[in-house]
Each structure stands twice: as C-alpha cells, then as structure tokens.
Amino acid sequence: MDATESMMGRGREAIDMIVDPESFTENAIGAKTFDDPDFGPCAAVGTATLDGQTVTIIASDGQAFNERFPVVYAGIIGMEEGYKMAQAVYASLEADADKPKEEKRPLVLIVDTPGNGPGKVEEIFGMNKATGAYQLALAEARLAGHPIIAMVIGRAISGAFLCHGLQADNILSLDASFGTMIHVMPLTSVSRIIRKDLEVLEELSKSNPVFAAGPQFFYALGGVEELVDQTDKMRAAIIDHIATVRAAKAAGQDDTLGPWGRGALGAERDGRVVRPKVMDLMNQEFAAVAGQYAPQR
Amino acid sequence: MPKWNDLQGRSFLESNARDRAVGLVDEGTFTELAGPFDRFYSPHLETLGEAVEFDDGIVTGVGRVGVTPVFVISQEGKFIGGSVGEVGGAKMVNAIRLAIEFHDTLAAAHPDLTDAEKPIVVISFETGGVRLHESNAGLLAHAEVMDQLQKARGKVPVIAVIGSKVGCFGGMGFVAAATDCIVMSEFGRLGLTGPEVIEQEMGKEEFDSGDRALVFRTTGGKHKYIVGDCNYLVADTLGAFHDQIAELATKSLADFEAMRRIGSPEKVAQQLRGVALAAEMQPKDARDVWAHAGNADPVALTDMPLPDFLAQVKRLSV
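Rules used in this analysis
Residues numbered from 1 in each chain as written. Chains lettered and ligands numbered in written order. Predicted model: local features only at pLDDT ≥ 70, side-chain atom pairs only at ≥ 80, totals over all residues. Heavy atoms only, no water. Helix = DSSP H or I, 4+ residues; strand = E, 2+ residues; numbered from the N terminus. Rg over C-alpha atoms; globule rule 2.2 N^0.38 Å. Buried < 20%, exposed > 50% of the residue type's maximum accessible area, 1.4 Å probe, protein only. Contact = heavy atoms within 4.5 Å. Areas by Shrake-Rupley, 256 points an atom, 1.4 Å probe, with all protein chains shown as cover. Lys, Arg positive; Asp, Glu negative; His and termini not counted. Charge placed at Lys NZ, Arg CZ, Asp CG, Glu CD. Salt bridge = Lys/Arg side-chain N within 4 Å of Asp/Glu carboxyl O. UniProt positions renumbered as here; feature names shortened; annotations may be inferred. Core = buried A, V, L, I, M, F, W, Y, C linked by side-chain atoms within 4.5 Å. Buried area = accessible area lost by both parts, 1.4 Å probe. Polar contact = N/O pair within 3.5 Å; in protein donor to acceptor, adjacent residues only side chain to side chain. Axes fitted to C-alpha atoms, helices over the stretch in contact; angles between N-to-C directions. Expected span 1.5 Å × (residues − 1). Phe/Tyr/Trp six-rings, centres within 6.5 Å; stacked < 30°, edge-to-face > 60°. Lys NZ or Arg CZ within 6 Å of the ring centre and 35° of its normal. Pairing = 2+ DSSP bridges. Right-handed = clockwise from strand over helix to strand, strands pointing away.

Going by the annotation in an unreviewed UniProt entry, the name recorded for chain B is Biotin-independent malonate decarboxylase subunit beta, with Roseospira marina given as the source organism.

An unreviewed UniProt entry lists chain A under the name Biotin-independent malonate decarboxylase subunit gamma, from Roseospira marina.

Below is the structure:
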C-alpha cells in the first residue's frame, strides 16, 4: 500500500487490515447482538480475533448515513452511535465478567470521526449524555482490566476524539503523511476566533505544540503514544500495545495508562510541564489542612 | 471579600467564581487550593502575549457543608469564557483526585464512616469547554476529568451546579452529564454543541442562534428539568444552591446512583428509549417535548414563576 494514501472514510477497510483474516463478525459481542441494521450506522461494532485473541472492535464508518438523524453522517457520532458504542463496551464487560483481570478481552477503537451530532433534536434530547455514556463505559472497562487501544486512521476531532479515542489505554495514530487530523479545530479557525495572525501561530507551533493541528503535535504533548508510518504496520503495532498494556496492568501500573498516564507522558515529552507542578502544590496545600476536614470524633 | 451571609442572598447568575465557591459551602469553611497567590497561570496564553489570570479562571478548594467535606471547582466565565486549558484543567482533575484519595484515607481510618462524613465534589460550570489558545492541552485535560469521574464512582458523589451566564457547553457538557446529580437554576444552560456552532455548521434553518428564547428553551434549566437532564431546579441565589447541596450531602451512594443519567447498561437502555422517541417525534421545538410530557399549555411554562412551575410541571418519562 502507498504510504501516503489517506485512510479517511475507510474505517471498515481498516478493520480488515488489522484483524485476523475473515474473523470480524459485526453486531455480535458476547451474548449481545445488535439486530437493527439502521441503528447507529456511523459506528460499526463487533467481535474479531487479533493474533488469535478475541477482541471487540468499535470503528467509525465514514460512508454511512443515519436515516433517522440527518445531521449524522461521514463518521459523526450521533445519539444512537454514542449509546451503541457504549453498549458494545458494556457487552464486552459482561462477556468477560467472570474472567480474571489478565484475561479480559481487548477493545480496539478505529477512529475516524469529525464530530458529535450537531443538531437541534440532538440538543433537545441531550447529545452530551450519549457521548458521555460511551466515555464512562470505556473508562469502566479500562479500569476493569480490558486493554483498550485506539488507532487513529483519519479524523480525530475535538469532542468526538474525546468520545472515541481519548479514554483508551494507549493511542496510536497514522502519521501526518496520511492526512491524519487530530485537533479541536484547524489553526486557521483558531486564528480567526482568538484573533491572532496565522503566521504567528504557525511559528509558535514549532516550539509549542498546544495550538497546532496534527498527530505529531499530539505526540509531543503526550496525547498519542505512538505514530505509525505505514498502514500495514497498524496490526503489529496494535498487537504490541495490547501486550504492553496487559503487562502494565498485571504489574499494577495502571497509572501509566489512559488519560492519567498521558499526563505524565506530556511532562516527559516537555509538552505539558505546568500540569504536574500545579497538582503537586495542591497536594501539599491540601495535606496541610486535611485534618480540619476529617470527621471530628 | 463579601460576608458569607450577604452571599447567600445574592444572585448566582451575577456572582463570580470565587464568591460562588465560598457561598456554596458553609460559612468560613472554604480553603482555596492553588489560589491566585500561588500564581499558577497559563504559559500558553503568555506565549501568545495574552492577559493571564493567577487562578487561570478556575477556583479550586475544599470546604464543608454540615459534616461533609466538599471539594469545590468553580469556573469563571469572565476569563476567556471559562475555557479549560492546561493549568485550569489540572486544577479540576486534581481536585476530584484529591477527593477520591481523601475518601480512601477516611474510609481506612474510620470503618464506621457515615454517608454524611464522606467527601463530595461540587463543580460549578461556567464554560464553553476547551480553551482554543491551548486547545490540545485543554482536550487532554477533559479526558482526564472524565477518567476521574469514573474513578469517583461508588466512592465520591459528584454534583454539577449550573446557573451561570456562559452555561455549560462543549466538552464540559458531557462532563456535567457524567456527574451523579445536576442542580440548575432556570438561567443555567446545558448542552454539547452551542447554538452558534450548530447554525454555522448546519444552517439557520436547523438552529437560529439569534432566537434567544429558542436557545433558552432548548438548553435552559426548565427544559433540562422536564426531560430529566437536571435533577433539581432551584432559585437563582447562592443560598438556594447551598441549601440544595446541604440536602444532597447526607444522601447515600445508592441515592446518587439512582439520580444518574448515564454510567450503566440500564441507564443507557433508558436513554435509548428517549432517542427512539426523538426519532419518532422529530421535535422542531423543545415545547413539542414538553407537550408530549403532558403539559397542556407548554408556552405558559417559559415565563411561569419557579414555585408555580415546580408545582405543576409534568416531567418526561420514557
């Protein structure tokens, strides 16, 4: 495969590139089946094997269109999609409920989403709950021992990336040569809204990655664990990270994983250096007064 | 610093973040953590040559309501719209983390710790979410907050308080949704995608953000109360919010779990019944939903005084 060919909109193809051949069964996870083919079509969920082990797949489908909610297409996460993804996670938890921590099935998130459903009906019924529900489910599964690996293949934009990706143990991304987009909004929009010259922001981005759009900047901030430079390396990279994450969990090093772990990584890579200082000071200040707030007996 | 007693009668909407933090807990109990004298400000705003604040627009600290330790996070809308960046995000994350750690310490020291003696977290939201001046760091901080909220489950109840001018939107909209209990005033607003953004992306026909009445109907406290997206609707005073927190502080973890909207397969199944209703109804206006909930005269609800509203409103059940 040509290393610069974009994977945008090709979430379903990415599933086949990553999992064992012919192993993906859509709409079935443990005892749970998703029987309505029109339900949450912009999210494809199911079970596959990866290097022989059972994994749950939750992928964006950039080609689908949600007939019931017209603002939901091209990989957008709508209300149905958010809850469908949450159900896929809960089904994985349920399927492995009796298994020891080290045998919980991994979840592989294939990320190519431009946003959450931006519509009036969505706001009336509470789109915020759907995207929140999926994140809480992922955090619960991660803390229960399921290794969760996110693979960014196209767009990982703002709240949709928070929803589908940023709760993973480890995040991998195809590098910038694939046109991969990780950002809140493009630098051109940031420039317009905060009224700073684009040239100034572009120059600053070279030394400070917090403004700029792109996987390399997220890497520098500790927001992405590893960049992958070829599509045919995705499979091996995910298998590797599942093994690393499992080992870390078995060793009780959960704090090196997930959003909290990426906080430490951000400091290590010199991307977010004030964060730990603020936290340290708060810890000291609270320790000095904690006695006042303990029960007086 | 205003007297605590004076704060209790003051409008929540008109107050600043620090007065809210002080007034939401009992008199004289608030200790600020990483406050303005510690001078932690955003290095990224400084790089851009923008004005900074020494609290980065978020007040964090600890106080007490009755015998309950309360970890308070209070966002300041007047500073860059209450937006969340690296420093403010770290303060928010760590306040929740400290509450969980304090819970564990107390639970280990006192096997007979009562529900009222267990710490809670109160978050006063006034924000549009990520701060665009340091958007990548803000985004990562949001993910950390969601992680801490899940870690608090079954230990530390988290209460969202929404009654500010800016409201609670963007990524913080789903942070609020992920708390155990939401307390709003009718002036509070809660959502994910702000009306301006919907109009910009989908057009004026989808959402006319200039129609303020429509905006309030769609995201305001009364609507959120009717659809169950907030648990309590209170008067616009710091005292009313304080008293609601005091009532909640003694509740059990099971009580809080029951108040949640999301966070379990059962809650998700319930929400999906609402989504099916949305697909079937395709409401053009929040009032369509109010009528569906059994309110015969939905138009009258908008301007109805709060006590009358609470006495007669029918809430949606799915």
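As for the overall build of chain A
Broken down by element type, chain A carries 11 helices and 10 strands. For 297 residues, the compact-globule estimate of 2.2 N^0.38 gives 19 Å, and chain A sits close to it at 20 Å. Principal-axis analysis of the C-alpha atoms gives chain A an extent of 60 × 55 × 45 Å. Within chain A, buried positions represent 62% of all 297 residues. Contacts spanning at least 24 positions in sequence make up 72% of the contacts within chain A whose residues lie at least 6 apart. Carbon and sulfur atoms make up 51% of the accessible area of chain A, which totals about 10500 Å². Here chain A contributes 27 positively and 41 negatively charged side chains, and the mean placements of these two sets differ by 6 Å.

Observations concerning the pattern of salt bridges
A complete count under the given rule lists 38 salt bridges over all chains for this structure. The closest approach of N and O atoms between Glu-203 of chain A and Lys-206 of chain A, which form a salt bridge, is 3.1 Å. Within this pair, Glu-203 of chain A and its partner Lys-206 of chain A are both found in helix α7 (residues 198-207), separated by three residues, close to a single helical turn. Assessed through its relative accessible area of 48%, Glu-203 of chain A is described here as partly exposed. Residue Lys-206 of chain A is classed as exposed on the basis of its relative accessible area of 67%. The residue Arg-272 of chain A makes a salt bridge to Glu-144 of chain B at a minimum N-O spacing of 3.5 Å. Taken together, the residues Arg-272 of chain A in the loop between α10 (258-268) and α11 (274-293) and Glu-144 of chain B in helix α5 (residues 135-152) connect one chain to another.

A short note on the UniProt feature "domain: CoA carboxyltransferase N-terminal" (unreviewed entry) in chain B
The feature "domain: CoA carboxyltransferase N-terminal" (unreviewed entry), as annotated in UniProt, sits at residues 1-257 of chain B in this numbering. Along residues 1-257 of chain B, the helical share is 42% and the strand share 14%, with 37 Å between the first and last C-alpha atoms.

Considerations on the nonpolar core
In this structure, Leu-109 and Phe-161 of chain A together with Phe-125 of chain B are the most contacted members of the largest nonpolar core, which totals 141 residues. A per-element tally of this core places helix α4 (residues 86-109) of chain B first, with 11 residues. Filtering out sequence-adjacent residues up to four positions away, Phe-161 of chain A remains in contact with Val-111, Val-152, Ala-156, Leu-166, Ile-171, Ile-182 and Phe-218 of chain A together with Leu-139 of chain B. Of all hydrophobic cores here, the second largest spans 28 residues; its members include Leu-7, Val-25, Val-59 and Leu-238 of chain B.

Structural notes on the interface of chain A and chain B
The accessible area lost on association of the parts is a frequent measure of interface size. Taken residue by residue, the interface counts 80 residues in chain A and 93 residues in chain B. Summed over both sides, the interface between chain A and chain B buries roughly 7500 Å², with carbon and sulfur atoms accounting for 69% of that surface. Remark: the boundary between chain A and chain B carries five salt bridges. Note that Glu-50 of chain B is salt-bridged to Lys-196 of chain A, the shortest N-O span being 3.2 Å. Run the count over chain A and chain B and you get 33 residue pairs in polar contact (both at pLDDT 80 or more).

A few points about the packing of α10 of chain A against α11 of chain A
In the contact formed by α10 of chain A and α11 of chain A, the axes pass within 8 Å of each other and the chain directions differ by 115°. For the pair α10 of chain A and α11 of chain A, the contacting residues are Trp-260, Gly-263, Ala-264 and Ala-267 of chain A in the first and Arg-275, Pro-276 and Met-279 of chain A in the second.

Side note on helix α10 (residues 238-249) of chain B
End to end, α10 of chain B covers 16 Å across 12 residues, agreeing with the expected 16 Å (1.5 Å per residue, within 8%). Of all the positions in α10 of chain B, only Leu-238, Gly-239, Ala-240, Phe-241, His-242, Gln-244, Ile-245, Leu-248 and Ala-249 of chain B are classed as buried.

Here we look at the side chain of Ser-173 of chain A
Here Ser-173 of chain A is to be found in strand β8 (residues 170-174). Judged by its relative accessible area of 0%, Ser-173 of chain A falls in the buried class.

So, the environment of Gly-222 of chain A
Here Gly-222 of chain A shows up in the loop between α8 (215-220) and β10 (226-228). Distance in space between the C-alpha atoms of Gly-222 of chain A and Trp-260 of chain A is 10 Å, their sequence separation being 38 residues.

Quick notes on the side chain of Arg-20 of chain B
Residue and element names in this part refer to chain B. Within the element layout of this structure, Arg-20 appears in helix α2 (residues 17-24). Judged by relative accessible area, Arg-20 falls into the buried class, the value being 0%. At 3.0 Å, the side chain of Arg-20 and the backbone oxygen of Ser-15 are in polar contact.

A few points about the packing of aromatic side chains
One pass over the full model with this rule turns up seven aromatic pairs over all chains. Both rings, one in Phe-12 of chain B and one in Phe-241 of chain B, keep their centres 4.3 Å apart while their planes meet at 35°; by these two values the pair is tilted. In this pair, Phe-12 of chain B is assigned in the loop between α1 (4-8) and α2 and Phe-241 of chain B in helix α10, connecting sequence segments 229 residues apart. Through successive ring pairs, a cluster of aromatic residues spans Phe-286 of chain A together with Phe-71 and Phe-102 of chain B. Taking NZ or CZ as reference, Arg-189 of chain B lies 5.4 Å from the ring centre of Phe-216 of chain B, over its face.

What to know about unusual backbone geometry
All names here are of chain A. Phi is positive for Asn-27, close to 70°, though the residue is something other than glycine. Inspection of the secondary structure assignment puts Asn-27 in the loop between β1 (25-26) and β2 (28-29). Not every positive phi belongs to a glycine, and Arg-195 is a case in point at roughly 55°. Of note, Arg-195 is situated in the loop between α6 (187-194) and α7.

Quick word on the environment of Thr-127 of chain B
Residues and elements named next belong to chain B. Structurally, Thr-127 is set in the loop between β4 (120-124) and α5. Put simply, Thr-127 and Val-84 are 43 residues apart on the chain and 7.6 Å apart in space, counted from C-alpha to C-alpha. Filtering out sequence-adjacent residues up to four positions away, Thr-127 remains in contact with Gln-75, Gly-81, Gly-82, Ser-83, Val-84, Val-166, Gly-167, Cys-168, Phe-169 and Met-172.

Considerations on α2 of chain B
Residues and elements named next belong to chain B. Counting buried positions along α2 yields seven of eight residues, so the element is predominantly enclosed. Restricting attention to buried positions, one finds in α2 the residues Ala-17, Asp-19, Arg-20, Ala-21, Val-22, Gly-23 and Leu-24. Capping the start of α2 is the job of one residue whose side-chain oxygen sits 3.1 Å from the backbone nitrogen of Arg-18: Asn-16.

Topic: the pairing of strand β5 (residues 53-60) of chain A
Residue and element names in this part refer to chain A. Within β5, six of the eight residues are buried, which leaves it mostly tucked inside the rest of the structure. Both strand β4 (residues 43-50) and β5 contribute to a ladder of eight bridges, which runs antiparallel. Opposite Gly-46, over in β5, you have Ile-57 as the bridge partner. Linking β4 to β5, which pair antiparallel, is a turn of two residues; within it Asp-51 sits at a positive phi near 55°. Bridge count between β5 and strand β6 (residues 107-113): four bridges; the pairing is parallel. By the bridge assignment for β6, Ile-58 is matched with Leu-109. With helix α2 (residues 79-95) bridging β5 and the parallel β6, this β-α-β connection has right-handed handedness.

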